[in-house]
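Secondary and tertiary structure notes
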Amino acid sequence: MPKPEMDTRFSKFGTVSFTAVTKVNDFIGYLEEGKVAGTQCTKCGQKFFPPRADCFACPGEPVEWFEVEGTGKLMTFSELMYAPIGFGEDLPYAIAVLDYGDFKVFGRIGEVPFEEVKIGMEMVTKVNQLPNGNLNYVFEKA
């Protein structure tokens, strides 16, 4: 019996891919379509971002995909002057959390000047293509 082909789509995520295989490889498929997606438990409705393959409250229940749409409010952010290995050429950059109401999204602020970033501002989560061809998502002003 032939060995099944390994799904390594997740190696296309981010500046540095720490893993090539995950149970949520479809996340990359959505990014390739220009969509940012999370998962939602089909039993309790809990939303997850980053996407999870399993609900912590309902083990064994399936999850479904939902698109991160609309605007979120900036809850917090931090400008980074030092970075982990692989991200040094990106400095300085800002990480942040957006509140979409029933879920939150952690990520990077895109091409928004730091002096314009304010707690409570409306932002959107967008797909971003990196110079190495990989994909990620960033926050931009709404």
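Reading the values: rules and limits
- Residues numbered from 1 in each chain as written.
- Predicted model: local features only at pLDDT ≥ 70, side-chain atom pairs only at ≥ 80, totals over all residues.
- Heavy atoms only, no water.
- Helix = DSSP H or I, 4+ residues; strand = E, 2+ residues; numbered from the N terminus.
- Buried < 20%, exposed > 50% of the residue type's maximum accessible area, 1.4 Å probe, protein only.
- Contact = heavy atoms within 4.5 Å.
- Areas by Shrake-Rupley, 256 points an atom, 1.4 Å probe, with all protein chains shown as cover.
- Pairing = 2+ DSSP bridges.
- Salt bridge = Lys/Arg side-chain N within 4 Å of Asp/Glu carboxyl O.
- Phe/Tyr/Trp six-rings, centres within 6.5 Å; stacked < 30°, edge-to-face > 60°.
- Lys NZ or Arg CZ within 6 Å of the ring centre and 35° of its normal.

An unreviewed UniProt entry annotates the protein as DNA-binding protein originating from Desulfoferula mesophila.

Along its length, the protein carries one helix and eight strands. The order of α-helices and β-strands along the protein, N terminus first, is α-β-β-β-β-β-β-β-β. Going through the 142 residues of the protein one by one, you find that 35% of them count as buried. If you take every contact in the protein between residues at least 6 apart in sequence, the share linking residues at least 24 apart comes to 47%. Per element, the accessible surface of the protein, about 8,600 Å² overall, is 54% carbon and sulfur.

Once that is clear, we can look at the pairing of strand β1 (residues 37-41). Among the five residues of β1, five are classified as buried, and the element is accordingly described as predominantly covered. A two-sided burial pattern is seen for β1, the buried positions comprising Ala37, Thr39 and Cys41 on one face and Gly38 and Gln40 on the other. Bridge count between β1 and strand β3 (residues 63-67): five bridges; the pairing is antiparallel. By the bridge assignment for β3, Gly38 is matched with Phe66. Direction of pairing for β1 relative to strand β2 (residues 47-48): antiparallel, over a ladder of two bridges. Note that in β2 the partner of Gln40 across the bridge is Lys47. In this antiparallel pair of consecutive strands, β1 and β2, the connection spans five residues, and Gly45 shows a positive phi of 85°.

Right, let's talk about the sheet that holds β1 for a bit. Read from one edge of the open sheet, three strands run β2-β1-β3, paired in antiparallel fashion. Here the strands that pair on one side only, and so sit at the sheet edges, are β2 and β3.

This part takes up the pattern of salt bridges. Tallied over the entire structure, the rule returns four salt bridges. Taking the shortest distance from any N to any O, the salt bridge between Lys35 and Glu33 comes out at 3.6 Å. With a closest N to O distance of 3.5 Å, Lys47 and Asp102 form a salt bridge. Taken together, the residues Lys47 in strand β2 and Asp102 in the loop between β5 (93-99) and β6 (104-109) connect sequence positions 55 residues apart.

Turning to the packing of aromatic side chains, a few remarks are in order. Within the structure shown, the criterion is met by eight aromatic pairs. A ring pair is formed by Tyr137 and Phe139, whose centres lie 6.5 Å apart and whose planes are at 50°; its orientation type is tilted. For Phe139, a relative accessible area of 0% corresponds to the buried category. One aromatic cluster is present, formed by Phe27, Phe49, Tyr137 and Phe139 through successive ring pairs. Its end group placed over the ring of Phe48, Arg52 keeps NZ or CZ at 5.0 Å from the ring centre.

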